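# Examination of the molecular architecture
As a plain string of letters, each chain reads:
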Amino acid sequence: MIFITAKFRVRPEHADSWPEITADLTRATRAEPGCLWFDWSRSTDEPTEYVLVEAFRDDEAGGAHVQSAHFKAAQQTLPPHLVETPRIVNATIPQDDWSLLGEMEVPGQE
């Protein structure tokens, strides 16, 4: 899978409405057949920073995502709400779901 984490520094006046600003992109991306997950989190330390954790089945699915109409629309509509270009970590890894965090195993979990 392609695993991506990106940090978005949002202009302070748009920070509270970022989930609504990105709602169309989020909804459409989650509906893509190759999308495994697409989840936003807001930083607890910096209220204008959002982290996007997303994963796609493979290179083909990732390519389809960046060629989609909703991604192209986001390329136009999201930057005016940002302080800077988002930062990203992008990796291809040989798995298709989350792994268990063994160091915090919950006893009795199957």
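Residues numbered from 1 in each chain as written. Predicted model: local features only at pLDDT ≥ 70, side-chain atom pairs only at ≥ 80, totals over all residues. Heavy atoms only, no water.

On to the overall build of the chain. A tally of helices and strands in the chain yields 4 helices and 4 strands. The N-to-C order of helical and strand elements in the chain reads β-α-α-β-β-α-α-β. Overall, the C-alpha framework of the chain stretches about 45 × 35 × 20 Å when taken along its three principal axes. Across the 110 residues that make up the chain, the buried fraction comes to 31%. (Helix = DSSP H or I, 4+ residues; strand = E, 2+ residues; numbered from the N terminus. Buried < 20%, exposed > 50% of the residue type's maximum accessible area, 1.4 Å probe, protein only.)

Turning to the UniProt feature "domain: ABM" (unreviewed entry) in the chain, a few remarks are in order. Annotation from UniProt places "domain: ABM" (unreviewed entry) at residues 2-93. Its end C-alpha atoms 6 Å apart, residues 2-93 is made of 33% helix and 33% strand. (UniProt positions renumbered as here; feature names shortened; annotations may be inferred.)

Before going further, it helps to examine the pairing of strand β4 (residues 87-92). For β4, the buried fraction is low: 0 of the 6 residues fall into the buried class. Taken together, the 6 bridges between strand β1 (residues 2-9) and β4 define a ladder with antiparallel strand orientation. Paired with I2 across the strands is T92, a residue of β4. (Pairing = 2+ DSSP bridges.)

Next up on the list: the side chain of E54. Its location among the elements puts E54 in strand β3 (residues 49-56). Although E54 is buried, it makes no salt bridge; R30 carries the closest opposite charge, 9.9 Å away. Contact partners of E54, with chain neighbours within four places excluded, come to I2, F3, I4, W37, F38 and H65. (Lys, Arg positive; Asp, Glu negative; His and termini not counted. Salt bridge = Lys/Arg side-chain N within 4 Å of Asp/Glu carboxyl O. Contact = heavy atoms within 4.5 Å.)

You can see V83 is positioned in the loop between α4 (69-77) and β4. Considering only alpha carbons, one finds V83 and W40, 43 residues apart in sequence, at a separation of 18 Å. With near-sequence residues (within four places) excluded, V83 lies in contact with R9, V10 and R11.

Membership of the largest hydrophobic core comes to 16 residues, with the highest contact counts inside it found for F8 and W18. Counting residues per element, the ones that place at least two in this core are β1, β2 (35-42) and β3. With 4 residues, β1 is the largest single contributor of residues to this core. Ignoring sequence-local partners within four residues, the contact set of W18 consists of F8, V10, W40, Y50, L78, H81 and L82. Among the nonpolar cores identified, the runner-up in size contains 5 residues, and M1, W37, V53 and A55 belong to it. (Core = buried A, V, L, I, M, F, W, Y, C linked by side-chain atoms within 4.5 Å.)

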